[in-house]
Amino acid sequence: MLETITIFDDETTKTPSSHRITDIKAAVHDQNRVNIYLDDKFFCSLDISQVVDFHLKIGKKISAEEKEQLKHASDFGKFYARALEYALIRPRSSKEIHDYLQKKTLSRKVRVKNRKTGEYQIKEKKGYDKSLIPLVFARLEERGYIDDERFAHLWVENRNVSKGTSIKKLRQELQQKGINHQIIEQVLSESNRNDDDELRKIITKKRAKYPDEQKFIQYLLRAGFNYSDILDALSEFSSGA
């Protein structure tokens, strides 16, 4: 018995070497992005600036290589937008930004509503490609959203200004934020804050909550103040000076 062999025409079965942009529509949920349709099918979304950079318009032919470039640009744009939102909430150290970017490359479970049934399902959402991290980080740095020296200055100037914070604690907090030793010492040396003033602030605000002086002293020691400075400040407070 002869085996039947079906012969396919290479021109009809191979992956198309080029595509055509058939539509460009404004994204519904983000006015700064547009949706790109290739061969009448949604392909990706891009920032408006990226559309300009790639010289995209309806009717333009896109090669397989250019298609990959658009997909990469789309992912970069989305990733950068999320990172920018995070950076704008408050000043961030470079370590905080890098940790955030790393977290966003991890897959996670998301609750998605089925449009047909109306029921919710748990699905796994892939994270961003790790290769995008240095690109997004570099763009944020280039545009001034990452600056450890500026971050350290803001942290020292604003951290518990009215409540008081020891220099030791400020140093520890900056270390935890990933700020290098040289920047920390430079910023602290340029600050007008000092432990005498900070200690008085805390004693004024907290003394009534600690009737037991020994417990209050232990509290102030844990806050990073020197023992002899604490005794001097408490003595001064008690004398009403």
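Up top you'll find the structure we're talking about.
Residues numbered from 1 in each chain as written. Predicted model: local features only at pLDDT ≥ 70, side-chain atom pairs only at ≥ 80, totals over all residues. Heavy atoms only, no water.

Colleague: Residue-level account of the packing of helix 4 (residues 94–103) against helix 5 (residues 133–142), with values.
Modeller: As a packed pair, helix 4 and helix 5 sit with axes 10 Å apart at the nearest point and diverge in direction by 145°. For the element pair helix 4 and helix 5, the recorded crossing hand is right-handed. Taken together, the residues of helix 5 that come into contact with helix 4 (itself represented by Ser94, Ile97, His98, Leu101 and Gln102) are Ile133, Val136, Phe137 and Leu140. (Axes fitted to C-alpha atoms, helices over the stretch in contact; angles between N-to-C directions. Helix = DSSP H or I, 4+ residues; strand = E, 2+ residues; numbered from the N terminus. Left-handed = near helix turned anticlockwise from the far one by under 90°. Contact = heavy atoms within 4.5 Å.)

Colleague: Let's hear about the packing of helix 9 (residues 195–206) against helix 11 (residues 227–239): which residues, and what values?
Modeller: Viewed as axis vectors pointing N to C, helix 9 and helix 11 meet at an angle of 55°, and their least axial separation amounts to 10 Å. Comparing the axis directions of helix 9 and helix 11 gives the class oblique. Note that helix 9 runs across helix 11; the crossing there is right-handed. Here helix 9 contributes Leu199, Arg200, Ile203 and Thr204 to the contact with helix 11, which in turn contributes Asp229, Ile230, Ala233, Leu234, Glu236 and Phe237. The residue makeup of the contact of helix 9 with helix 11, split by class, is six nonpolar, one polar and three charged. (Parallel < 35°, antiparallel > 145°, perpendicular 65-115°, else oblique. Nonpolar A, V, L, I, M, F, W, Y, C, P; charged D, E, K, R; others polar.)

Colleague: Describe the nonpolar core, listing the residues and the values that go with them.
Modeller: Grouped together as the largest cluster of nonpolar side chains are 15 residues, with contacts concentrated most on Phe79, Ala83, Ile97, Leu101, Val136 and Leu140. Counting residues per element, the ones that place at least two in this core are helix 3 (64–89), helix 4 and helix 5. For this core, the leading source of residues is helix 3, giving six residues. (Core = buried A, V, L, I, M, F, W, Y, C linked by side-chain atoms within 4.5 Å. Buried < 20%, exposed > 50% of the residue type's maximum accessible area, 1.4 Å probe, protein only.)

Colleague: A description of helix 5 should follow, citing residues and the corresponding values.
Modeller: Burial in helix 5 covers these residues: Ile133, Val136, Phe137 and Leu140. Projection of helix 5 onto a plane perpendicular to its axis shows the buried side chains occupying an angular sector of 100°, all on one side. Of the exposed residues in helix 5, those oriented more than 90 degrees away from the buried face are Pro134 and Glu142. Looking at the buried residues of helix 5, the elements they touch are helix 3 and helix 4. A positive backbone phi angle near 85° is found at Gly144, which sits one or two residues after helix 5. (Arc of directions from axis to C-beta.)

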